[in-house]
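# Summary of the model geometry
Listed here are the chains, written in short residue letters.
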Amino acid sequence: MGYIGAPSLFPVDDINPSEKDRSWHLQYAKAIEYRDRRSVSRNLYRREQINTQRLYADGNQPVDKYQRMFGTIDEKNVDGYDQKVSYIDVNMAIMPIMTKFVDIAEELLKQTEFDIDATDIDPTAVKVKENQRLRVRASMAIKPLLQFLKDNNALEDIDMNSIPENLDELQIFAKLRHRLRQEIVAETGIRAVLFDTMHDEVVRRMDRDAVVSGEMACWHGVNAFTGKIESKYVDIAYLIADDIHGHHADDQKYIGFYEFVTIQQLKNEMSGELTRDQIEHLVTSYGGLNGYNREAIDQILNQIDRPDPYSNYYTTKVPVLRLYWRSTDITKKRKKKVHGMEMHFGNVDYNEPTGPRRNGEIYETHVETVHRCSYIPGTDIIYDYGKHNDITRYSHDKRRAMFPIQYVKVSNTSLVDRMIPLADQVQLSWIKIQNLIAKTPPNGLVIRASVLRNLNVDGNEMSMQAAIMMFQQSGVMVIEDDNLEDGIGNQIRPFEEHNPSFGPLYQNLLQHITTSINLIKEVTGLNDFMSSSDPGERAAVGVGQIALQAGQNAIAHVMRSKSKMHLEVCYSILSLLQIRAKVAPIQLSYPDLGIGTAETLEIGSEIGDGDSSGKFKLYLRPRPTQQQIAEIKQQALSMRQVEMQGGIGITYADYLYVSKLIDSGNFEYASAILAQRVEKNRMQKQQEKMQMMQMQSQMQQQQIATASQARMAESQNQAQVDLARQQVERERPQPQQGQ
């Protein structure tokens, strides 16, 4: 059984949906596989490119290119095998300069995590929220009365801090606290599915693909064997699509990926439909065996009923192509007017011609669907085929069917692609430095034999070797006087130190490495992050935050693609929950924060009927980091201390309320309340200050008026005294003349 050829043409799509049987799906799968095989050079180059990018990112790129640059040749060794021969004796090990930059970018992406907010936009839900807002506003109006009743122990089960102080706080309260049950259930259901499928690990691997290769992909849907909603990582190296160079998978006609499974796993997936002949063909094609190894093939076939875990039956991997493609299903329906109203009835036979009939009008409906299959290339083996169950649709266009594979091409040139030429320069300079150090001779002496020839000390001849040893051990030079000068009068020293120096060239190579590293920082945008992420004691305040922001700006395009994919995945999971909950309630387990135990959530029909775009609007909210949470707690504590010292801060009751909000996870609400309460206290203190100034002004005016009245009374009294004195003077008898 050889390789079965594949037709190059896709089957006809606008046919009776009942005719889209096994042969139709097989022809479609063969056409897709044929296109992929026809473009094998392009796809092979792409897979080799992704593999090269990953090797560079890990610091394990092949050293062949560096060996060729240093004149390495191929020769046969003594055993007759090929070997690389070079006349330089250096270590070709890679200096992993790119690894730290890849780790920085991955850590920045890891810090950008999202929480999902679901808002019910159904008119009924909007009306319920409006009623809640009116009840809270009524509580605001009677808040003084409620406070009076609580102070007199007439009310107990009421939190006065939960009642907004003004309209601004009411707006914050309505946005973050008016949550309907179906919204909370939808959010919790999405988080439970992501937690149950270890989506964080999927995101971590996708982040690395986005940084290394500029692409990322994941699969989400219902597992056909477990019935659970899952999300799993898709290796972009084995991804195929209609147009792999597109930025998103929205416009793809088909998409799929290769997955390598064992024969045992394949048999389980096919529910035992795999025959002995098919197993024999797979073993010979993919197990490294051929027809001459009949004994080994028979040994594997004998393991089908009672398999040996150490046989090729468990270890032979077979490529399976998981394919999904869009198709249009045409159905015909009947409609007619009943009592003046147009009524639509169920499906009619596909062969019925369209147009008016006596019992109504026959018309066509075109619905975009997704078909799937699992196909083993080179064979007629196909399974798990048919129309994809639980089809989800895009939030912005409900007519478009969404693939269960989300694929995003972040950029045509990844961060690693930008760094590869400069990393090669660093590696070449590093090899040259090693070669320079290895070939530089040690320090030594320059010996002039003519000066040391025929030495005579006290009538005894001294050999040249003895004179050299005497100089090396004691520093004493013994020479003949006649040999002190050359023929033109220049003094000759028999020994001179020889210190070979590679300093200038060594410094140039080091400078070249430093320049290449700085260029990597420039082309990637990760400038000076490593040096300023942990600033020293004398570093300027905020240097680390500035470097962090610069790094986030450098990978902003990756973050946008990541957020878009995460939002689409959440929409798809919500639609799947709605579809599954419509049939029967769903039981999900999710972690209970702060306790370490799992809670059970039951999802019913309250979250919708499978059309999430018409029921909910999803928003991504950046999840606060531990540093941000610590900062808001420290800010609340600082504001409390400022208040205690007589400044503008928050009261003790406000501090407890904000701390409670932070501990319960309401980070945004806590931040908004803290800012609002500080502003409220500022305005209150400003009002108190103005009242105090007004009172002081009134007191001063009263004092001035009192003093003025006192002065007026004193003046009046003085005037009365003067008037009385004058009266007395007038009434006093005058003496007569001559007496």
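Our subject is the structure listed above.
In this report, the structure presented in the accompanying data block is examined. Keep in mind that what you see is a predicted model, and the values were worked out from it rather than measured.

### Thoughts on the overall build of the protein
Regarding its fold elements, the protein presents 24 helices and 20 strands. Nonlocal contacts in the protein, meaning residues at least 24 apart in sequence, comprise 70% of its contacts between residues at least 6 apart. Summed over all atoms, the accessible surface of the protein reaches about 43,300 Å², with 51% contributed by carbon and sulfur.

### Some thoughts on the pairing of strand E4 (residues 215-222)
Counting buried positions along E4 yields eight of eight residues, so the element is predominantly enclosed. By the bridge criterion, five bridges tie E4 to strand E13 (residues 405-409) in an arrangement that is antiparallel. Bridge pairing links Ala217 to Tyr407 in E13. Inspection of the sheet shows E4 paired to strand E5 (residues 229-233) by five bridges, in the antiparallel sense.

### Points about the packing of helix H8 (residues 181-196) against helix H20 (residues 556-583)
Interhelical geometry of H8 versus H20 gives an angle of 105 degrees and a closest axis separation of 10 Å. Considering the angle they form, H8 stands roughly perpendicular to H20. Residue-level contacts link Ala186, Gly189, Ile190, Val193 and Leu194 of H8 to His566, Cys570, Ile573, Leu574 and Leu577 of H20. For the contact of H8 with H20, the per-class residue count stands at eight nonpolar, two polar and no charged.

### Points about unusual backbone geometry
One non-glycine residue, Asp384, adopts positive backbone phi at about 50 degrees. Within the secondary structure, Asp384 sits in strand E12 (residues 382-387).

### A closer look at the side chain of Glu643
Relative to the helices and strands, Glu643 is located in helix H22 (residues 626-644). Those residues in contact with Glu643 that sit more than four places away from it in its chain are Ile648, Gly649, Ile650 and Lys685.

### Observations regarding the side chain of His199
Along the chain, His199 falls in helix H9 (residues 199-212). The exposure class assigned to His199 is buried, which follows from its relative accessible area of 3%. Every residue in contact with His199, bar those within four places of it in the chain, is listed here: Leu194, Ser231, His566 and Val569.

### A look at the environment of Glu352
Here Glu352 lies in the loop between strand E9 (341-348) and strand E10 (355-357). For Glu352, a relative accessible area of 34% corresponds to the partly exposed category. Considering only alpha carbons, one finds Glu352 and Lys332, 20 residues apart in sequence, at a separation of 7.8 Å.

### Considerations on helix H14 (residues 415-439)
Under the 1.5 Å per step criterion, the end-to-end length of H14 is 37 Å for 25 residues, consistent within 8% with the ideal 36 Å. At Pro421, H14 shows its largest kink, close to 35 degrees.

### Regarding the packing of aromatic side chains
Inspection of every chain in the model, using the stated rule, returns six aromatic pairs. Taking 6.1 Å as the distance between ring centres and 50 degrees as the angle between the ring planes, the aromatic pair formed by Trp24 and Trp325 counts as tilted. With Trp24 in helix H1 (residues 22-38) and Trp325 in strand E8 (residues 317-338), this pair connects stretches of sequence that are 301 residues apart. Taken as a pair, Trp24 and Trp325 share a single burial class, namely buried. Through successive ring pairs, a cluster of aromatic residues spans Phe10, Trp24, Tyr28, Tyr254 and Trp325. The ring of Trp219 carries Lys232 above its face, with NZ or CZ at 5.1 Å from the centroid. Looking at Lys335, its charged tip hangs above the ring of Tyr363, at a distance of 5.2 Å from the centre.

### Details of the pattern of salt bridges
Side-chain pairs of opposite charge can arise whenever the charged atoms involved come near each other. A full pass over the atoms with the stated rule returns 19 salt bridges. Among the ionic pairs, Lys30 bridges to Asp380, the shortest N-O distance being 2.6 Å. With Lys30 in helix H1 and Asp380 in the loop between strand E11 (360-375) and E12, the pair connects residues that are 350 residues apart, well separated along the chain. Residue Lys30 is classed as buried on the basis of its relative accessible area, which comes to 9%. A relative accessible area of 29% means that Asp380 is categorised as partly exposed. Put simply, Arg322 and Glu269 hold a salt bridge, and the shortest N to O gap is 3.1 Å. Of the two residues, Arg322 is situated in strand E8 and Glu269 in helix H10 (residues 263-269); the sequence distance between them amounts to 53 residues. Neither Arg322 nor Glu269 differs from the other in exposure class; each is buried. Linked by salt bridges that have partners in common, Asp13, Lys20, Asp329 and Lys387 make up one network.

### Digging into the pairing of E8
Relative to E8, strand E7 (residues 254-262) runs antiparallel, the two being bridged by nine bridges. Opposite Gly256, over in E8, you have Leu323 as the bridge partner. In the sheet, E8 pairs with E11 via 15 bridges, with the strands oriented antiparallel. Directly across from Arg334, in E11, lies its bridge partner Ile362. Of the strand pairs in this sheet, E8 and E9 are connected by six bridges, and their pairing is antiparallel. Residue pairing across strands places Lys336 opposite Met343, the latter belonging to E9. Here E8 hands over to E9 after two residues, with His339 in that stretch at a positive phi of 55 degrees.

### Notes on the environment of Ile603
With respect to the element layout, Ile603 can be found in strand E19 (residues 597-603). Taking C-alpha positions, Ile603 is 8.2 Å from Ala186, a pair spaced 417 residues apart along the chain. If we skip the residues at most four places from it in the chain, Ile603 touches Val185, Gly189, Leu577, Ala581, Pro585, Ile586 and Leu588.

### Remarks on helix H17 (residues 503-524)
Between the first and last C-alpha of H17 there are 32 Å, a value that for 22 residues agrees with the 32 Å anticipated at 1.5 Å per step. Residues Leu509, Ile513, Ser516, Ile517, Ile520, Lys521 and Thr524 constitute the buried set of H17. Buried positions in H17, seen along its axis, are confined to an arc of 145 degrees and lie on one side of it. Turned more than 90 degrees away from the buried face of H17 sit Pro504, Asn508 and Glu522, all of them exposed. Backbone geometry just downstream of H17 places Gly525 in the positive-phi region, at approximately 85 degrees.

Parameters and conventions
- Residues numbered from 1 in each chain as written.
- Predicted model: local features only at pLDDT ≥ 70, side-chain atom pairs only at ≥ 80, totals over all residues.
- Heavy atoms only, no water.
- Helix = DSSP H or I, 4+ residues; strand = E, 2+ residues; numbered from the N terminus.
- Contact = heavy atoms within 4.5 Å.
- Areas by Shrake-Rupley, 256 points an atom, 1.4 Å probe, with all protein chains shown as cover.
- Buried < 20%, exposed > 50% of the residue type's maximum accessible area, 1.4 Å probe, protein only.
- Pairing = 2+ DSSP bridges.
- Axes fitted to C-alpha atoms, helices over the stretch in contact; angles between N-to-C directions.
- Parallel < 35°, antiparallel > 145°, perpendicular 65-115°, else oblique.
- Nonpolar A, V, L, I, M, F, W, Y, C, P; charged D, E, K, R; others polar.
- Expected span 1.5 Å × (residues − 1).
- Bend = angle between axes of the 7 residues up to and from the residue.
- Phe/Tyr/Trp six-rings, centres within 6.5 Å; stacked < 30°, edge-to-face > 60°.
- Lys NZ or Arg CZ within 6 Å of the ring centre and 35° of its normal.
- Salt bridge = Lys/Arg side-chain N within 4 Å of Asp/Glu carboxyl O.
- Arc of directions from axis to C-beta.

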